[in-house]
Amino acid sequence: MMEEPLKIAIAGTGRMGAAMAERLLARAHEVTVWNRTPQKTKALAASGARVAATPRDAATGADFIITMLTDAAAIEAMYRGADGLLAGEVRGKLFIDMSTVRPHVEKALSASVTAKGAALIECPVGGTVGPAREGKLFGFVGGEASDVERARPLLNDLCRRVEHVGPVGAGASMKLAINLPLLVYYQALGEALSLCRTIDVDPARLIDIFSDTSGGPNMLKVRGPAIAATLQGKETTPVTFDVNLMRKDLRTMLEEASALGVNMPLTAQALERYDDAARDGIGASDATMLPAYWLRRGSI
Ligand SMILES: NC(=O)c1ccc[n+]([C@@H]2O[C@H](COP(=O)([O-])OP(=O)(O)OC[C@H]3O[C@@H](n4cnc5c(N)ncnc54)[C@H](OP(=O)(O)O)[C@@H]3O)[C@@H](O)[C@H]2O)c1
């Protein structure tokens, strides 16, 4: 049974923000959207979202303001710009940043939001566009317990599981940590498959074997068929998580590691390989293209 509709703004309707907006509209919430590239709000407007004139307008008209943005620079522009989310009267409102960024970015953002009399929690997520549309993300939440409780009905509409792991910054650390083995895995899978060159097994069967053994993470159960198709020369469309976004995440992890004084040689190597992939022209392609790319490149 649907609870009270909430007044929610989503600033940043890229792939993930748009999918979350669709989900919240389907749950009958009052959704306002704003995106730097206006074109990306058109389909949402047709589905019943109000399109705000500016981020400031989006924030003042809602009780909950979700942001789902590329990186720290995007957060800076969206929140602190002249017509940004914090430019108007936002006292008492709850901001939820779901972008994948470093913990110190979330802590600084929380301080700016608090200075305006509002509150912020972070909730970076695991899961891609499909789970976002279906309300099946995994939320890694950082923030004050009372703010997290206030956001819980909304988070429950977006996530299959919500884990409150500590104060603001803790969710960002958790999300970066979760993504690390996953992102390194794409390269590991490419290298593993290069050992299978002499085996005459259909790619779909090969990937299915990986996914049913310790050779495969959870991701393979969902993305395995797409990876198998790339091994047969198909392109993964639509793109849900591209190679450039993986590189951004890996760079973010390495910056955080450096600030913590820890060494991450595998992560650094993975980033170098994906930088090569981007130089070879697949930066905007889906992550699932990487193992097939490595098999082609590795044979040169
Ligand atoms: N895709 C996934 O599967 C996935 C899964 C989990 C987490 N994430 C994380 O979610 C975040 C968004 O990912 P996405 O896949 O939705 O990326 P995306 O489709 O590229 O969307 C990025 C959004 O950020 C906005 N943006 C970027 N720079 C900006 C700026 N300077 N000022 C204002 N807006 C700016 C973009 O606006 P424009 O449209 O105008 O460019 C767009 O709305 C990232 O932090 C990513 O790491 C992604």
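Coordinates for the structure precede this section.
Cut-offs used in this document
- Residues numbered from 1 in each chain as written.
- Predicted model: local features only at pLDDT ≥ 70, side-chain atom pairs only at ≥ 80, totals over all residues.
- Heavy atoms only, no water.
- Helix = DSSP H or I, 4+ residues; strand = E, 2+ residues; numbered from the N terminus.
- Rg over C-alpha atoms; globule rule 2.2 N^0.38 Å.
- Buried < 20%, exposed > 50% of the residue type's maximum accessible area, 1.4 Å probe, protein only.
- Contact = heavy atoms within 4.5 Å.
- Lys, Arg positive; Asp, Glu negative; His and termini not counted.
- Charge placed at Lys NZ, Arg CZ, Asp CG, Glu CD.
- Patch = residues over 30% accessible without salt bridge, like charges linked within 9 Å, V, L, I, M, F, W, Y side chains within 5 Å.
- Areas by Shrake-Rupley, 256 points an atom, 1.4 Å probe, with all protein chains shown as cover.
- Salt bridge = Lys/Arg side-chain N within 4 Å of Asp/Glu carboxyl O.
- Near = heavy atom within 4 Å.
- Polar contact = N/O pair within 3.5 Å; in protein donor to acceptor, adjacent residues only side chain to side chain.
- Nonpolar A, V, L, I, M, F, W, Y, C, P; charged D, E, K, R; others polar.
- Phe/Tyr/Trp six-rings, centres within 6.5 Å; stacked < 30°, edge-to-face > 60°.
- Axes fitted to C-alpha atoms, helices over the stretch in contact; angles between N-to-C directions.
- Parallel < 35°, antiparallel > 145°, perpendicular 65-115°, else oblique.

K.L.:
Explanation requested: the overall build of the protein chain in the structure shown.
P.N.:
Helix and strand counts for the protein chain stand at 13 helices and 9 strands. Here the protein chain has a C-alpha radius of gyration of 20 Å; the compact-globule value for 300 residues is 19 Å, and the two agree. Seen along its three principal axes, the alpha-carbon backbone of the protein chain occupies a region of about 65 × 45 × 35 Å. Counting across all 300 residues of the protein chain, residues that qualify as buried make up 51%. At a minimum sequence separation of 6, the contacts of the protein chain that also span at least 24 residues come to 66%. Between the averaged position of the 34 positive side-chain charges in the protein chain and that of its 34 negative side-chain charges there is a distance of 2 Å.

K.L.:
Is there a simple way to explain a nonpolar patch on the surface in this structure?
P.N.:
A cluster of nonpolar side chains, namely Val165, Met174 and Ile178, defines an oily patch on the protein surface of about 220 Å² accessible area. With respect to the helices, strands and loops of the structure, valine 165 is situated in strand S9 (residues 159-166). Judged by its relative accessible area of 36%, valine 165 falls in the partly exposed class.

K.L.:
I would appreciate a short explanation of the pattern of salt bridges in the present structure.
P.N.:
Opposite charge on two side chains allows them to pair when their charged atoms are near. One pass over the structure, following the stated rule, counts 18 salt bridges. The salt bridge partner of aspartate 157 is arginine 27, with a shortest N-O separation of 2.9 Å. Placement of aspartate 157 in helix H7 (residues 145-158) and of arginine 27 in the loop between helix H1 (15-26) and strand S2 (30-34) is noted, with a sequence separation of 130 residues between them. With a relative accessible area of 10%, aspartate 157 lands in the buried category. For arginine 50, the salt bridge is made with aspartate 57, and the minimal N-O distance between the two is 3.5 Å. Overall, arginine 50 belongs to the partly exposed group, its relative accessible area being 38%.

K.L.:
Which parts of the structure should I look at to understand the site of the ligand?
P.N.:
Among the 25 residues in the neighbourhood of the ligand, the closest are listed as Asn35, Thr37, Lys40, Thr128 and Thr240. Threonine 128 has a polar side-chain atom sitting 2.6 Å from an oxygen atom of the ligand. Taking threonine 240, its main chain carries an N or O atom lying 2.7 Å from a nitrogen atom of the ligand. Surface burial for the ligand is 89%, taken as the share of its 910 Å² of free accessible area covered by protein chains. Elements supplying a minimum of two residues to the shell around the ligand: H1, helix H4 (72-80) and helix H11 (243-260). Of the residues forming the shell around the ligand, the biggest block, 3 residues, is contributed by H11. Broken down by class, the residue content of the shell around the ligand amounts to 8 nonpolar, 11 polar and 6 charged.

K.L.:
Please clarify how the packing of aromatic side chains should be interpreted in this entry.
P.N.:
When we look at a pair of aromatic rings, we describe it by the centre distance and by the angle of the planes. Summed over the entire model, instances satisfying the criterion amount to 2 aromatic pairs. An angle of 50 degrees between the planes, with centres 5.7 Å apart, marks the rings of tyrosine 79 and phenylalanine 95 as tilted. With tyrosine 79 in helix H4 and phenylalanine 95 in strand S5 (residues 94-97), this residue pair connects regions lying 16 residues apart in the sequence. A single burial state applies to tyrosine 79 and to phenylalanine 95, both of which are buried. Ring centres 4.9 Å apart and planes at 20 degrees place the aromatic pair phenylalanine 138 and phenylalanine 140 in the stacked group. Side by side, phenylalanine 138 and phenylalanine 140 carry an identical accessibility label, which is buried.

K.L.:
Just to check I follow, could you spell out the packing of helix H12 (residues 265-282) against helix H13 (residues 290-298) for this structure?
P.N.:
Working note: a packed helix pair is described by the angle between its axes plus the distance between those axes. Contact pair H12 / H13: the axes reach a minimum separation of 11 Å and the direction vectors enclose 85 degrees. On the basis of the axis angle, H12 is roughly perpendicular to H13. In this structure, H12 uses Arg273, Tyr274, Asp276, Ala277, Asp280 and Ile282 to contact H13, whose residues at the interface are Leu290, Tyr293, Trp294 and Arg297. Per-class residue counts for the contact of H12 with H13 are 6 nonpolar, no polar and 4 charged.

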